[in-house]
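Survey of secondary and tertiary structure
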Protein chains: 2
Amino acid sequence: MDTAAIKSYFLDLQARIIAAAEAADGGSFRHDEWQRPAGGGGISRLLEGGALFERAGVGFSHVMGDKLPPSASAHRPELAGRAWEAMGVSLVFHPRNPYVPTVHMNVRMFRAHQDGEADVFWFGGGMDLTPYYGFAEDARHFHQTCADALAPFGDDKYPRFKQWCDAYFFLKHRNEPRGIGGVFFDDFSELGFEQSFAMTRAVGDAFLGAYLPILARRRDMSFGQNERDWQAYRRGRYVEFNLVWDRGTLFGLQSGGRTESILMSMPPQANWRYDYQPQAGSPEAALLSDFLAARDWVSA
Amino acid sequence: MDTAAIKSYFLDLQARIIAAAEAADGGSFRHDEWQRPAGGGGISRLLEGGALFERAGVGFSHVMGDKLPPSASAHRPELAGRAWEAMGVSLVFHPRNPYVPTVHMNVRMFRAHQDGEADVFWFGGGMDLTPYYGFAEDARHFHQTCADALAPFGDDKYPRFKQWCDAYFFLKHRNEPRGIGGVFFDDFSELGFEQSFAMTRAVGDAFLGAYLPILARRRDMSFGQNERDWQAYRRGRYVEFNLVWDRGTLFGLQSGGRTESILMSMPPQANWRYDYQPQAGSPEAALLSDFLAARDWVSA
């Protein structure tokens, strides 16, 4: 499959998600195209200060180079020096209402080329949900949607990718998961190019169905300063994960990526308070005890 | 010199700074003692929501172990496996008034011991200022105080440590310094134990004289939401530096340090806005153009 067809899928996915997000919010995403001096570029779409989304970013990027640096191929040393390209869509939505969870989704493709040899490729991606208030109904729906999307590609995929997600989006310095998880996969090529790409598309295509019903259920719940304070405090954890543990963010920032596009994932506001513990029995405490622990959300 | 005398200096420094900060604020710092399971512990002192300080932390820690891990001695491989101890005081003050700069100070000692060999030790530390609005008078005073404190230890010290500070507190992903600098040194033993410790004390002892006059000059300046918004936005840079680039923070979080003590450096609140640029000719733009660039603040 040529690059143009893959690019066309990713650009269409970005456009469909933006259209749905704009319809939900009523506002318009700005459109920022950028070039990468060393090759390639991207399209960053962002909405700030919307009625629904306090900060929402959906980025497309397609970057490439003549020689893969050794640091980028640590687990595949045989690829160092090959021509390479990486392409994908990544989004984070930070809604204003603390009852609406923050969501992250990413789908991406990597390909390395050397004349006379077969291309090496892999896919990665997933989606995960970070609520400030826990609703079992929402967690079950989100996970079930992921499971349904992956079912055609093998019974093992959802359980493996669910566990991978729990392991990846984990703040080791807090001994705490970032949210209620979802699915995550990386370095994936085991189904061959066509089916691995089809599986990646299935994840991307499932995003709106996973998130929009949750958004619709929670967006009109009333909230006050107490809920906003808790949301701002918990958003600090989002910042900590992304800047301390997320490999893509760290690699991007430390290797000269486009900072404003990488940091579209940051919340609009984050607060820190020393050793803060929510009151026992509160909905805030319930988030920690009942939701921020690896759990099965899909019945076997 | 025995450990007790060094510890006594660090604890006294912490107490003097707390006393001065409480006198300036009118509030009280909480007192939190903690033990490190693998050896040692610390005293974290913190004030949140004060009249003057929105969040201010002063930590003392004294940690030790039987065998220095190789990861902690990468630049001194001969020390791996030795018994070691590290001790120091570290502070960050985040004032509420955007005209009062954020300040950071740290003094620390490291010692490695092996029977039958001379102890290996070094000192590190420094202080640096992060204003939200630039005042040349404040920058000159802060740097001059650092230069005066270091003068007895050799003419080269201030220029070297000033440059080291500019290089260290730099956000490479923004191509931007964290603030207007100050002094920074690490791995320092070239004057011998006694004089190296004396120099480190001179830096610690100079802190209040460097910061309090600035605080007194700026604390009653009136400000509004516009200045608070700019402060919150710039505090995002503080978060980015500390979580992405600061070696002590990263090493601490990734190696099982006490998270709440390490993250006392975080601001109470930080905001992110996409590709934000202050208006040309504004005081906010002047901070970027006239202060956030390596400059000489002390006349030769």
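Note that this is a predicted model, so its numbers are computed, not measured. Each chain has its residues counted from 1, following the order in which its sequence is written. Each chain takes a letter, starting from A, and each ligand takes a number, starting from 1, following the order in which they are written. Given that the model is predicted, a residue must reach a pLDDT of at least 70 before its local features are reported, and side-chain atom pairs must reach 80 or more before they are shown or counted; all residues, however, enter totals for whole chains, interfaces and linings. Where side-chain values are given, they derive from all heavy atoms of the structure, hydrogens and water being excluded.

Focus: the overall build of chain A
The helix and strand labels rest on DSSP assignments: H or I over at least four residues marks a helix, E over at least two residues marks a strand, and numbering proceeds from the N terminus. In terms of helices and strands, chain A carries eight helices and ten strands. Radius of gyration: over C-alpha atoms. The globule rule applied is 2.2 Å multiplied by the number of residues raised to the 0.38 power. Whereas a compact globule of 300 residues would reach a radius of gyration of roughly 19 Å, chain A reaches 19 Å, a difference of no more than 12%. With the C-alpha coordinates aligned to their principal axes, the bounding extent of chain A is approximately 65 × 40 × 35 Å. Here chain A holds 300 residues, and the buried ones make up 58% of them. In this analysis, two residues are considered to be in contact whenever any of their non-hydrogen atoms come within 4.5 Å of each other. Within chain A, counting contacts between residues at least 6 apart in sequence, those at least 24 apart form 69% of the total. Areas reported as accessible are Shrake-Rupley estimates using a 1.4 Å probe. Residue values count occlusion only from the protein chains shown. About 12000 Å² of surface is accessible on chain A, with carbon and sulfur atoms providing 51% of the total. Type-normalised accessible area, obtained with a 1.4 Å probe on protein chains alone, sets the label of each residue: buried when under 20%, exposed when over 50%, and partly exposed for intermediate values.

A few points about the packing of aromatic side chains
Each aromatic pair joins two rings of Phe, Tyr and Trp (for Trp, the six-membered one) with centres within 6.5 Å, and gets the label stacked for planes under 30 degrees apart, edge-to-face for over 60, and tilted for any other angle. One pass over the structure, following the stated rule, counts 58 aromatic pairs over all chains. Ring centres 5.9 Å apart and planes at 80° place the aromatic pair F185 of chain B and F188 of chain B in the edge-to-face group. Considered together, F185 of chain B and F188 of chain B belong to a single accessibility category, that of buried residues. Cluster of aromatic residues (ring-pair linked, three or more members): F161, W164, Y168, F169, F184, F185, F188 and F241 of chain A. Sitting over the ring of F135 of chain A, R218 of chain A keeps its end group 3.7 Å from the ring centre. Only when the NZ of Lys or the CZ of Arg is both within 6 Å of the ring centre and within 35 degrees of the ring normal is a charge said to sit over the ring.

Quick notes on the pattern of salt bridges
Residues and elements named next belong to chain A. Take a side-chain nitrogen of Lys or Arg and a carboxyl oxygen of Asp or Glu: if they are within 4 Å of each other, that pair is a salt bridge. Here the structure, examined in full by the defined rule, presents 53 salt bridges over all chains. The partner of R217 in a salt bridge is E137, with the nearest N and O atoms 3.5 Å apart. Placement of the pair is R217 in helix α4 (residues 192-218) and E137 in helix α2 (residues 136-150), with a sequence separation of 80 residues. What makes R217 partly exposed here is its relative accessible area of 32%.

Some thoughts on the packing of helix α2 (residues 136-150) of chain B against helix α3 (residues 157-168) of chain B
Residues and elements named next belong to chain B. Put simply, α2 and α3 touch, their axes get as near as 9 Å, and they point 135° apart. In terms of orientation, α2 and α3 fall into the oblique class. The handedness of the crossing between α2 and α3 comes out as right-handed. Seen from α2, the contacting residues are H143, C146, A147 and L150; seen from α3, they are K157, Y158, F161 and K162. Residue polarity follows a fixed list, in which Ala, Val, Leu, Ile, Met, Phe, Trp, Tyr, Cys and Pro are nonpolar, Asp, Glu, Lys and Arg are charged, and the others, Gly among them, are polar. Considering only residue class, the contact of α2 with α3 consists of five nonpolar, one polar and two charged. Comment: axis = line fitted to C-alpha atoms, over the contacting stretch for helices; angle = value between 0 and 180 degrees taken between N-to-C directions. The labels follow the angle: roughly parallel below 35 degrees, roughly antiparallel above 145, roughly perpendicular from 65 to 115, and oblique for the rest. Handedness of each helix crossing follows the sense of rotation of the near helix against the far helix: counterclockwise by less than a right angle gives left-handed, clockwise gives right-handed.

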